[in-house]
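Each chain, letter by letter, is given below.
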Amino acid sequence: MMISKTKQLELVSLAQKARVNAYCPYSDFAVGAALLAESGKIYTGVNCENASLGATICAERAALTSAISAGERRFVAIAVAAGKQPVSPCGICRQVLAEFGNIIVLCAAAQGEDYKIMDLSALLPDAFVEYNRMD
Ligand code: THU
């Protein structure tokens, strides 16, 4: 499902606004995400780091688990915002998002209205998902 330019900019702006609440004392790299569900509701998330670095949760997964916790299961698009140049989701987040289908991904910097638009199937081709399993 494609979304309007206005909705794209809204998602980017919400990801940038959410970003200020990132908990990132170890990397000092604050990330925000805004996830649009098919219901029309938007769920935000930030990265939440941990002294045990591998326990860190990225902004995209924080937004997704918030939406899932609210009962959402179908999604349209996610915006992610961080850094001086647009960032794109890490490998783990690509896999976690792929669980819920091929959504639009908007990659933005921490500030400004520039962003790259792509979709999850480009970021994670041939994703492993349960409905492809042969057993
Ligand atoms: N991070 C995200 O939250 N999302 C991404 O797509 C890339 C990485 C976080 C994890 C860690 O807290 C920090 O950015 C530096 O890697």
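Higher on the page you've got the structure.
Residues numbered from 1 in each chain as written. Predicted model: local features only at pLDDT ≥ 70, side-chain atom pairs only at ≥ 80, totals over all residues. Heavy atoms only, no water.

Participant: Explain the sheet that holds strand S1 (residues 32-37) residue by residue, including any values.
Facilitator: Two modes of strand pairing occur in sheets, parallel and antiparallel, and in both the strands are linked by backbone hydrogen bonds. With mixed pairing, five strands are arranged side by side in an open sheet as S2-S1-S3-S4-S5. Only two strands of the sheet have a single neighbouring strand rather than two, namely strand S2 (42-46) and strand S5 (115-119). Taking the axes of each pair of neighbouring strands and ignoring which way they run, one obtains an average angle of 15° across the sheet. For S1 and strand S3 (residues 75-81), the ladder comprises six bridges, and the chain directions are antiparallel. The residue bridging Leu 36 from the neighbouring strand is Ala 77, located in S3. (Pairing = 2+ DSSP bridges. Helix = DSSP H or I, 4+ residues; strand = E, 2+ residues; numbered from the N terminus. Axes fitted to C-alpha atoms, helices over the stretch in contact; angles between N-to-C directions.)

Participant: Tell me what's going on with the pattern of salt bridges, and back it up with residues and numbers.
Facilitator: The tally for this structure, following the rule as stated, stands at two salt bridges. Glu 10 serves as the salt-bridge partner of Lys 7, at 3.0 Å between the closest nitrogen and oxygen. Of this pair, Lys 7 and Glu 10 both sit in helix H1 (residues 5-18), three residues apart, which is roughly one turn of that helix. By relative accessible area, which is 32% here, Glu 10 ends up partly exposed. (Salt bridge = Lys/Arg side-chain N within 4 Å of Asp/Glu carboxyl O. Buried < 20%, exposed > 50% of the residue type's maximum accessible area, 1.4 Å probe, protein only.)

Participant: Break down the site of the ligand for me, citing the residues and quoting the values.
Facilitator: Neighbouring the ligand are the residues Ser 27, Phe 29, Val 31, Asn 47, Glu 49, Thr 56, Cys 58, Ala 59, Glu 60, Ser 88, Pro 89 and Cys 90. Note that an oxygen atom of the ligand is positioned 2.5 Å from one of the side-chain N or O atoms of Glu 60. Relative to its unbound accessible surface of 370 Å², the ligand loses 78% to contact with the protein. (Near = heavy atom within 4 Å. Polar contact = N/O pair within 3.5 Å; in protein donor to acceptor, adjacent residues only side chain to side chain. Areas by Shrake-Rupley, 256 points an atom, 1.4 Å probe, with all protein chains shown as cover.)

Participant: Break down unusual backbone geometry for me, with residues and values.
Facilitator: Although it is not a glycine, Asp 28 sits at a positive phi angle of roughly 55°. Structurally, Asp 28 is set in the loop between H1 and S1. In this structure Asp 28 comes out as exposed when scored by relative accessible area, which is 67%. The phi dihedral of Asp 126 is positive, around 55°, even though this residue is not glycine. With respect to the helices, strands and loops of the structure, Asp 126 is situated in the segment after helix H4 (120-123).

Participant: Tell me about the packing of aromatic side chains, and please be specific about residues and values.
Facilitator: Considering all chains together, one arrives at one aromatic pair under this definition. Relative to Phe 100, the ring of Phe 75 has its centre 5.8 Å away and its plane inclined at 90°; by these criteria the two rings are edge-to-face. Of the two residues, Phe 75 sits in strand S3 while Phe 100 sits in the loop between helix H3 (91-98) and strand S4 (104-108), which places them 25 residues apart along the sequence. Residue class for Phe 75 comes out buried when judged on its relative accessible area of 8%. Look at Phe 100 and you get partly exposed, because its relative accessible area is 27%. (Phe/Tyr/Trp six-rings, centres within 6.5 Å; stacked < 30°, edge-to-face > 60°.)

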